[in-house]
Amino acid sequence: MPVIHIRRSVLLLSAGAAAVLLAGIAIARFAHQGAAPQQTTARQSPAPTLNCVFYDLTHANIVVSFDFAVAFPDGAPPRFDLRSQATRDGNQVFDAGERPVWPYALDDDGAPAITSPDGAIRIVLFALEPSARGVAFVDAGLRSNEYRNLDGKCRQSDFGDSGHAAAFRMPTGDAAQK
């Protein structure tokens, strides 16, 4: 009989310990729910970007790629800050304070385009989707003496989340420069 009493005592102790543990968890949950509600931060949209890749004539090899951070200054056209440029010869990465700014304008045919600061390279963005949310792929053309005329693709990310779709509508030609 003493063995039965020991087993019963161990069982009762185990049940008691489990009950105390469960009660503690319940009290902790109740106390947490009763606490002041936590502040929830609004989901911030990722910063808009544009990544462009241009291929050789056979579309078998990448010749050059460009990675831009896109900004929407109030009352001004979008600004494309070149973060990096990659070629077969290597990558050129620009620190935040020294990123070349590529101005945006509509070309003579009314297509959206961005141009290097020295005017030597122009990227034409066919069918740009300024109000697209998330990721959209756009056909692009590279116009340059150095790289020649190359076809490619650009991936625009989070333009629509910026709320600045109207900033992409600008006059063409000389009026765009004023």
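Just so we're clear, the structure is a prediction, and the values are computed from it rather than from any experiment.

> Would you explain the overall build of the protein chain in this entry?
Helix and strand counts for the protein chain stand at two helices and nine strands. Within the span of the protein chain, comprising 178 residues, buried residues form 33% of the whole. Within the protein chain, contacts between residues separated by at least 24 positions form 42% of all contacts whose residues are at least 6 apart in sequence.

> What's the story with the pattern of salt bridges in this structure? I'm lost.
Opposite charge on two side chains lets them pair, provided their charged atoms get close. According to the stated counting rule, one finds four salt bridges in the structure shown. We note a salt bridge from R79 to D81, for which the minimum N-O separation is 2.9 Å. Residue R79 is classed as partly exposed on the basis of its relative accessible area, which comes to 33%. On the basis of relative accessibility, which here comes to 12%, the residue D81 falls in the buried class. For D139, the salt bridge identified is with K153, shortest N-O distance 2.4 Å. Separated by 14 residues along the polypeptide, D139 in strand β8 (residues 135-144) and K153 in strand β9 (residues 150-157) bring together distant segments of the chain. Overall, K153 belongs to the partly exposed group, its relative accessible area being 40%.

> Hey, could you run me through the state of the cysteines in this one?
Two cysteines joined by a covalent bond between their sulfur atoms form a disulfide. A full pass over the atoms with the stated rule returns one disulfide. Here C52 connects covalently by a disulfide to C154, the sulfurs 2.0 Å from one another. Taking the sign of the S-S torsion, about 110° here, the bridge from C52 to C154 comes out right-handed. On the criterion of sequence distance, the pair formed by C52 in strand β1 (residues 49-55) and C154 in strand β9 is long-range, its members being 102 residues apart. In this structure, C52 and C154 share a single accessibility class: buried.

> It is not clear to me how the nonpolar core should be interpreted in this structure. Could you clarify?
A general tendency of soluble globular proteins is for nonpolar side chains to be buried together. Ranked by internal contacts, the top residues of the largest apolar core, which has 27 residues, are L50, F66 and I123. Only β1, β2 (62-71), β3 (79-87), β5 (101-106), β7 (121-125), β8 and β9 provide two or more residues apiece to this core. Looking at which element gives the most residues to this core, the answer is β2, with five residues. Leaving out residues up to four positions away in the same chain, I123 has contacts with C52, F54, F66, F68, W102, P112, A113, I114, A140, G141, L142 and C154.

> Help me out: how do you make sense of the pairing of strand β6 (residues 112-115) in this one?
Regular strands show a simple pattern: their side chains alternate between the two faces of the sheet. Here three bridges tie β5 to β6, and the two strands are oriented antiparallel to one another. Residue A105 lies in a different strand from β6, and its bridge partner there is A113. The hairpin formed by β5 and β6 contains five residues between the paired strands, and G110 there has a positive phi angle of roughly 85°. Bridge count between β6 and β7: three bridges; the pairing is antiparallel. Residue I114 lies in a different strand from β7, and its bridge partner there is I123. Taken together, β6 and the strand that follows it, β7, pair antiparallel across an intervening segment of five residues, in which G119 is found at a positive phi of about 80°.

> Mind showing me how you'd approach the packing of aromatic side chains here?
Each aromatic ring pair is described using two quantities: the centre-to-centre distance and the angle formed by the ring planes. As enumerated under the stated definition, the model contains six aromatic pairs in all. Where F66 meets F68, the ring centres are 6.2 Å apart and the plane angle is 20°; that geometry is what we call stacked. The pair formed by F66 and F68 is uniform in burial state, with each residue classed as buried. Measuring from centroid to centroid gives 5.1 Å for F68 and W102, while their planes differ by 70°, and the two rings are edge-to-face. Within this pair, whereas F68 is found in strand β2, its partner W102 is found in strand β5, the two being separated by 34 residues in sequence. Here F68 matches W102 in class, with each residue buried. Feature note: the residues F54, F66, F68, F80, W102 and Y104 constitute an aromatic cluster, connected by ring pairs.

Thresholds applied
- Residue numbers run consecutively from 1 along every chain, following the written order of its sequence.
- Local features in a predicted model are, by the rule used here, given only for residues with pLDDT of at least 70; side-chain atom pairs are given and counted only at 80 or more, and totals for whole chains, interfaces and linings are based on all residues.
- In computing side-chain properties, one takes all heavy atoms of the structure into account and sets aside hydrogens as well as water.
- Secondary structure elements are defined from DSSP: runs of H or I of at least 4 residues count as helices, runs of E of at least 2 residues count as strands, and each element is numbered from the N terminus.
- Buried means the residue's accessible area, taken with a 1.4 Å probe over protein chains only, is under 20% of the maximum for its type, while exposed means over 50%, and partly exposed covers the values in between.
- Contacts are assigned to residue pairs that have any heavy atoms within 4.5 Å of one another.
- Take a side-chain nitrogen of Lys or Arg and a carboxyl oxygen of Asp or Glu: if they are within 4 Å of each other, that pair is a salt bridge.
- Put simply, a disulfide is two cysteine sulfurs that come within 2.5 Å.
- Residues grouped as a nonpolar core are buried Ala, Val, Leu, Ile, Met, Phe, Trp, Tyr and Cys residues, joined through side-chain atoms within 4.5 Å.
- Being paired, for any two strands, means DSSP has found at least two bridges between them.
- Two rings from Phe, Tyr or Trp (for Trp, the six-membered ring) form a pair when their centres are within 6.5 Å of each other. A pair whose planes differ by under 30 degrees is stacked, one over 60 is edge-to-face, and the rest are tilted.

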